[in-house]
Amino acid sequence: MSRIMNGKLSLDSDRVSINETVTRASEICRSMMRERGVHLSLDLAEELREVTGDGARLQQVLWNC
């Protein structure tokens, strides 16, 4: 957060599909979860859900959870 406030990190503001972002983040982490014995099940809404934000940073937040 301090990097954003100090202008050292910029955020792009676009329309982002939250379903696609969550799905991509879970696919990237799937092998690591499997190694640790973690099972993740996603139950996303059928309709396309969009948010306004930086898709890459949102995905990064999900990776770090």
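Residues numbered from 1 in each chain as written. Predicted model: local features only at pLDDT ≥ 70, side-chain atom pairs only at ≥ 80, totals over all residues. Heavy atoms only, no water.

Novice: Would you mind showing me how to read the packing of helix H2 (residues 18-35) against helix H3 (residues 55-63) here?
Specialist: Angle between the axes and distance between the axes: these two values describe a pair of packed helices. Contact geometry of H2 with H3 gives a least axis separation of 9 Å together with a crossing angle of 45°. Put simply, H2 runs oblique to H3. As H2 packs across H3, the resulting crossing turns out to be right-handed. Mapping the contact onto sequence places Ile 18, Thr 21, Val 22, Arg 24, Ala 25, Ile 28 and Cys 29 in H2 and Gly 55, Leu 58, Gln 59, Leu 62 and Trp 63 in H3. Here the residues of the contact of H2 with H3 sort into eight nonpolar, three polar and one charged. (Axes fitted to C-alpha atoms, helices over the stretch in contact; angles between N-to-C directions. Helix = DSSP H or I, 4+ residues; strand = E, 2+ residues; numbered from the N terminus. Parallel < 35°, antiparallel > 145°, perpendicular 65-115°, else oblique. Left-handed = near helix turned anticlockwise from the far one by under 90°. Contact = heavy atoms within 4.5 Å. Nonpolar A, V, L, I, M, F, W, Y, C, P; charged D, E, K, R; others polar.)

Novice: Explain a nonpolar patch on the surface here, please?
Specialist: Taken together, the side chains of Leu 40, Leu 42 and Leu 44 present a nonpolar region at the surface, about 220 Å² in accessible area. Mapped onto the elements, Leu 40 comes out in the loop between H2 and strand S2 (50-53). (Patch = residues over 30% accessible without salt bridge, like charges linked within 9 Å, V, L, I, M, F, W, Y side chains within 5 Å. Areas by Shrake-Rupley, 256 points an atom, 1.4 Å probe, with all protein chains shown as cover. Salt bridge = Lys/Arg side-chain N within 4 Å of Asp/Glu carboxyl O.)

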